[in-house]
Amino acid sequence: MVASPSPPTSDLKLENSSGGLSLGEKVRGDFPILNQEAYPGKPLVYLDSAATSQKPASVIATLDQYYTEYNSNVHRGAHSLSIRSTEAYEAARDKVRTFINAEDRKEIVFTRGATEAINLVAYSWGDANINAGDEIVLTVMEHHSNMVPWQLLAARRGATLKFARLNADMSLDMDHYLSLLGPRTKLVACVHASNALGCINPVRAMADAAHAVGARILVDACQSVPTMRVDVQQLGVDWLVASGHKMCGPTGIGFLYGRLELLRSMAPWQGGGEMIDEVFFDHSTFAEPPSRFEAGTPAIAQAIGLGAAVDYLSAIGMDAIEAYEHELAVYLWDRVAALPAELTLYGPPPNAAGDNRNPLLAFNARAAHAHDLSFFIDQEGVAVRAGHHCTQALHRSLGAAGSIRASCYLYNTRADVDAFVVALEASLAFLGGEGGAGGGDFGLLL
Ligand SMILES: Cc1ncc(COP(=O)(O)O)c(C=O)c1O
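Going along each chain's sequence as written, the residues are numbered from 1 onward. Given that the model is predicted, a residue must reach a pLDDT of at least 70 before its local features are reported, and side-chain atom pairs must reach 80 or more before they are shown or counted; all residues, however, enter totals for whole chains, interfaces and linings. Where side-chain values are given, they derive from all heavy atoms of the structure, hydrogens and water being excluded.

(A) Layout of the site of the ligand. Neighbouring the ligand are Ala114, Thr115, His143, Ser145, Val191, Asn195, Asp220, Cys222, Gln223, Ser243, His245 and Lys246. Under this definition, polar contacts are N or O atom pairs within 3.5 Å; protein pairs additionally need one hydrogen-donor-capable and one acceptor-capable atom, and for neighbouring residues in sequence, both atoms have to be side-chain atoms. Within the contact set of the ligand, an oxygen atom lies 2.6 Å away from a side-chain nitrogen or oxygen of Ser243. Protein coverage of the free-state accessible area of the ligand, which is 390 Å², stands at 85%. Throughout this entry, Asp, Glu, Lys and Arg are counted as charged residues, while Ala, Val, Leu, Ile, Met, Phe, Trp, Tyr, Cys and Pro are counted as nonpolar. The remaining residues, Gly among them, count as polar. Grouping the amino acids of the shell around the ligand by side-chain chemistry returns three nonpolar, seven polar and two charged. We define proximity as follows: a residue is near a molecule or strand when any one of its heavy atoms falls within 4 Å of that partner. What sets the accessible areas is the Shrake-Rupley method with a 1.4 Å probe; for residues, cover comes only from the shown protein chains.

So this is what it looks like as structure tokens:
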């Protein structure tokens, strides 16, 4: 086993102290990038973690250690470096398995990210199992990564896409979802926590209903695996995908979880080294999962870095992270909703328990365009995002070209949200007022 740099730094020693520090305050020092000014006199406030999270020092040190001490290819060499990198790479698979409670380590396939994982299923399983007249059920809040691959599959195979719509409060309309399921439904693909609406969908109930009509279900857990305890056996899903870079890990790595019997039934997607059993001039036989789906040299450092990220999150505890994320979700919503400006907030309001939302909020202001707002907010050192957040179809259905989105993670604090609200108010005052730029995005068409 490779000894990786120890996960969290001394900040965690403060845990359970009676000092009343929030999780964000405790772990902030673990993230070196946060300790800087965005502009002179303007400390950086990073509120774009739904796009990509920052990395703790332990993950950065793990990458450094890999390249300085044992960089080498995996599964190929008998030499000491290769043995070490192979062990670390496969240990990362074990860590991910434990993190999402998969039954078997062979159920974890490393991919470049969630997008690649979805495409893998669409091409491998989809091309073999989706036929003319079949139906694929999605929700209107899907990220492009969980929509376009199914559009391409439907076009290749002559299938139809159906979209579960929203309730008036912009949560998923489960009755509508259930009404779409039937004997023609072969697949459900849905997001667990929406990167635009913030809502957390009832995946277990969705999976049970999909299975009741004989359909498979793939869950896009990009925004939930980083923020809450995700247990694939409890969720009862067939496939689940996530990206490492949103959960304190490096870019270029993600994973596909698939039930082993399903993965075993799936043909390779990409051919090359690593994924074969035997190769002859006229044909080849293929390795068992997960190798069957990991053609070529994998993202070794990134996978090991993801393992370090899992160590980091696990040392803090996903229950503690989840509770804190919900607290921030409520605080963010309440602070923005309380502003006197005319705003449209997207997604359902927090419930009494505060556990129906991720700590992100997308919205529009009547007085100013989202891009202008984000520009002015950035001048105050606060990094937020403006655009359609890869949910263009959703934004269109909400009557908006885009929105501005603030998104928190475990290293953020209420003070970060306060800084954002101050910058937002100042920007609105500057841009808005009567005859302001005008969002052009106001109004809802549910
Ligand atoms: C909900 C959701 N799904 C899928 C993706 C795609 O992830 P990646 O670009 O890392 O493959 C994202 C990233 O923004 C996301 O937020």
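(B) How the structure looks around the pattern of salt bridges. Throughout this description, the term salt bridge denotes a Lys or Arg side-chain nitrogen within 4 Å of a carboxyl oxygen of Asp or Glu. Within the structure shown, the criterion is met by 25 salt bridges. Across the salt bridge formed by Glu380 and Lys42, the nearest N and O atoms sit 3.0 Å from each other. With Glu380 in the loop between helix H12 (370–379) and strand E15 (382–383) and Lys42 in strand E2 (residues 42–43), the pair connects residues that are 338 residues apart, well separated along the chain. The class of Glu380 is partly exposed, set by a relative accessible area of 36%. A simple rule labels every residue: compare its accessible area, found with a 1.4 Å probe on the protein chains alone, to the largest value its type can have, and call it buried under 20%, exposed over 50%, or partly exposed in between. For Lys42, a relative accessible area of 27% puts it in the partly exposed group. For Arg105, the salt bridge goes to Asp94, with nearest N and O atoms at 2.6 Å. Taken together, the residues span a long stretch of sequence, with Arg105 in the loop between helix H3 (80–100) and strand E4 (108–111) and Asp94 in helix H3 at a distance of eleven residues. Judged by relative accessible area, Arg105 falls into the partly exposed class, the value being 28%. What makes Asp94 partly exposed here is its relative accessible area of 31%. It is possible to trace a salt-bridge network through shared partners that takes in Glu90, Arg93, Asp94, Arg105 and Glu294. Here a strand is any run of E in DSSP of at least two residues, a helix any run of H or I of at least four, and the numbering for each starts at the N terminus.

(C) Spotlight on unusual backbone geometry. The omega torsion across Pro289 and Pro290 is 5°, close enough to zero to call that bond cis. With respect to the element layout, Pro290 can be found in the loop between strand E12 (284–286) and helix H10 (300–316). Within the chain, His389 stands out as a residue other than glycine whose phi angle is a positive 55°. Locating His389 in the fold gives a position in the loop between strand E16 (385–387) and helix H13 (392–397). Owing to a relative accessible area of 5%, His389 belongs among the buried residues under this scheme.

(D) Representation of the packing of helix H11 (residues 318–337) against helix H14 (residues 414–431) in the model. To obtain an axis, a line is fitted to C-alpha atoms, over the contacting stretch when the element is a helix, and the angle between two such axes runs from 0 to 180 degrees between their N-to-C directions. Relative orientation of the contacting elements H11 and H14 amounts to 20°, with a least axis distance of 10 Å. Relative to H14, the element H11 is oriented roughly parallel. Between H11 and H14 the crossing geometry is right-handed. On H14, the residues that touch Glu327, Leu328, Tyr331, Leu332, Arg335 and Val336 of H11 are Arg414, Val417, Asp418, Phe420 and Val421. Here is the rule for angles: anything less than 35 degrees is roughly parallel, anything more than 145 is roughly antiparallel, 65 through 115 is roughly perpendicular, and the remaining ranges are oblique. Throughout, a crossing is termed right-handed when the near helix is turned clockwise from the far one, and left-handed when it is turned anticlockwise from it by less than a right angle. Residue contacts are defined here by distance: any two heavy atoms, one from each residue, within 4.5 Å place the two residues in contact.

(E) Molecular detail of the pairing of strand E14 (residues 360–365). Taken across its six residues, E14 has six buried, putting it largely inside the fold. Side chains Leu360, Ala362 and Asn364 project from E14 onto one buried face, and the interleaved Leu361, Phe363 and Ala365 project onto a second face that is buried too. DSSP bridges decide pairing: two strands pair if at least two such bridges lie between them. Note: strand E13 (residues 343–346) against E14, four bridges, orientation antiparallel. Paired with Leu345 across the bridge in E14 is Phe363. Across four bridges, the pairing between E14 and strand E17 (residues 403–407) is antiparallel. Bridge pairing links Leu360 to Ser407 in E17.

Treat this as a map of the structure, not an account of what it does.
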